[in-house]
Amino acid sequence: MKRVYNFSPGPSALPLPVLEKAAAEMCDANGAGQSVMEMSHRSKDFKPIIEKTESLLRELMGIPANYKVLFLQGGASLQFSMVPLNLAAGESGPGEKKAVFIETGIWAEKAAKEAAKFAHVDVRASSKDKAYTYIPQAPAAQPGDAYYHITLNNTIVGTKWAQIPDTGAAAAGGAIPLVSDISSCILSEPLNVAQFGILYAGSQKNLGPAGVTVVIIREDLIGHAPSKTPAMLRYDIHADEGSMYNTPPCYGIYVIGLVLEWLKNLGGVPAITKLNQEKAGLFYQYLDNSKLFYSPVEKPFRSLMNIPFIARVKDAEKRTELENRFVKEAAAAGLINLAGHRLVGGMRASIYNAMPLEGVQALIQFMQQFEKGVAH
Ligand SMILES: *Cc1c(COP(=O)(O)O)cnc(C)c1O
């Protein structure tokens, strides 16, 4: 069997023990005589699977009892619409309160753009002026805000919020719910769920295969959608039906359960945090000392999960040529998917929870060799 080190931003590498367990149970899961793919979602065979996945997620993230966990579809991208529809839309047109966004990257831009279809959007701060290479100061929440949205880890540009904004104290009429897209950092380091009203994440980065969207929502935020909201886009319906209003992505939910089991056996969030810090620390240390590559991101805001890097070549055409050669030669050496996002160029190593330390070490070693072969 050949296994590469996969630095893809998503869908991304899964832990080998998870794939092996899924393979072993492919045709007969838990003695049911059938694959999880073939099970009725309402059967006695599937019920313990979805229950196990939810309880492991609650345990690992420390999700308080007054939050619902939903397993939906449509990716994080559909949450860009569902959040404003359920929290800031009026019966006819936008609601009275504002949907506040802090623009820290392309996903945050997209989220704000979708919200503007249903809500009054206020982009209260942005780091677009410096190509999103930092996280701006978070302005205070205001009483007329419906919710306050941040993208906790910016997958494409490789930044993360070092401090969670406090949206509570400023509001006269009570706390403004903080909503966060945590697609590319869920379970990568500790997070105090109680600081947020809604957290959402597509599954294909740190949780499992593509196709599941995890939504963690405080109960008082459920039930505010305008009456004409399609059933599939209402949090209340999904919550009331236990994520089974329609057929959920059963197999994905099962694999997420295996990933969570793997993470728990590893020592949970404290253990993976330590490993993630070690991996990212090694890679940034290498970049900061390299004569050929550098990180464009300001130090306090560097992501643990997605690390873009650029070759120090002045001439743009020569730089692209060198970077293309790097990506190609790395792939030939079993280090795949290192090209940067198509909108920003350069290179990027995504080192999610499932990337072992050895993968990062192999990448650094390859880059050191590559550097030696390039004349300055
Ligand atoms: C990948 C990603 C998305 C898009 O997720 P889909 O599941 O493809 O909709 C949105 N936000 C962030 C932060 C991401 O990393």
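Residues numbered from 1 in each chain as written. Predicted model: local features only at pLDDT ≥ 70, side-chain atom pairs only at ≥ 80, totals over all residues. Heavy atoms only, no water.

**Points about the domain arrangement of the chain**
On domain assignment, one finds that the chain holds domain 1 (16–265) and domain 2 (267–375). On a C-alpha basis, the centres of domain 1 and domain 2 stand 28 Å from each other. Interface area for domain 1 against domain 2, summed over the two sides, is near 2100 Å², with a carbon-plus-sulfur share of 59%. Along the contact surface separating domain 1 from domain 2 lie one salt bridge. Counting the contacts that link domain 1 with domain 2 gives 13 residue pairs in polar contact (both at pLDDT 80 or more). Here the side of domain 1 that touches domain 2 gets four residues from one element, more than from any other, and that element is helix α6 (residues 250–266). Taken together, the residues of the side of domain 1 that touches domain 2 sort by class into 13 nonpolar, nine polar and five charged. (Domains from an automatic or database assignment. Buried area = accessible area lost by both parts, 1.4 Å probe. Salt bridge = Lys/Arg side-chain N within 4 Å of Asp/Glu carboxyl O. Polar contact = N/O pair within 3.5 Å; in protein donor to acceptor, adjacent residues only side chain to side chain. Helix = DSSP H or I, 4+ residues; strand = E, 2+ residues; numbered from the N terminus. Nonpolar A, V, L, I, M, F, W, Y, C, P; charged D, E, K, R; others polar.)

**Re unusual backbone geometry**
Put simply, Gly-10 and Pro-11 share a cis peptide bond, and its omega is -10°. Mapped onto the elements, Pro-11 comes out in the loop between β1 (5–6) and α1 (16–24). The phi angle at Ala-131 is positive, at roughly 55°, despite the residue not being glycine. Secondary-structure assignment places Ala-131 in the loop between β4 (120–126) and β5 (145–151). For Ala-131, a relative accessible area of 54% gives the class exposed. (Buried < 20%, exposed > 50% of the residue type's maximum accessible area, 1.4 Å probe, protein only.)

**Quick notes on the site of the ligand**
By nearness alone, 13 residues border the ligand, and Ser-77, Thr-155, Asp-181, Gln-204 and Lys-205 come closest of all. Separating an oxygen atom of the ligand from a backbone N or O atom of Ala-76 is a distance of 3.2 Å. Between Thr-155 and the ligand, the recorded distance is 2.4 Å, taken from a side-chain N or O atom to an oxygen atom. If the ligand stood free it would expose 390 Å²; the protein chains cover 87% of that surface. With four residues, helix α3 (residues 75–87) is the largest single contributor of residues to the shell around the ligand. Broken down by class, the residue content of the shell around the ligand amounts to three nonpolar, eight polar and two charged. (Near = heavy atom within 4 Å. Areas by Shrake-Rupley, 256 points an atom, 1.4 Å probe, with all protein chains shown as cover.)

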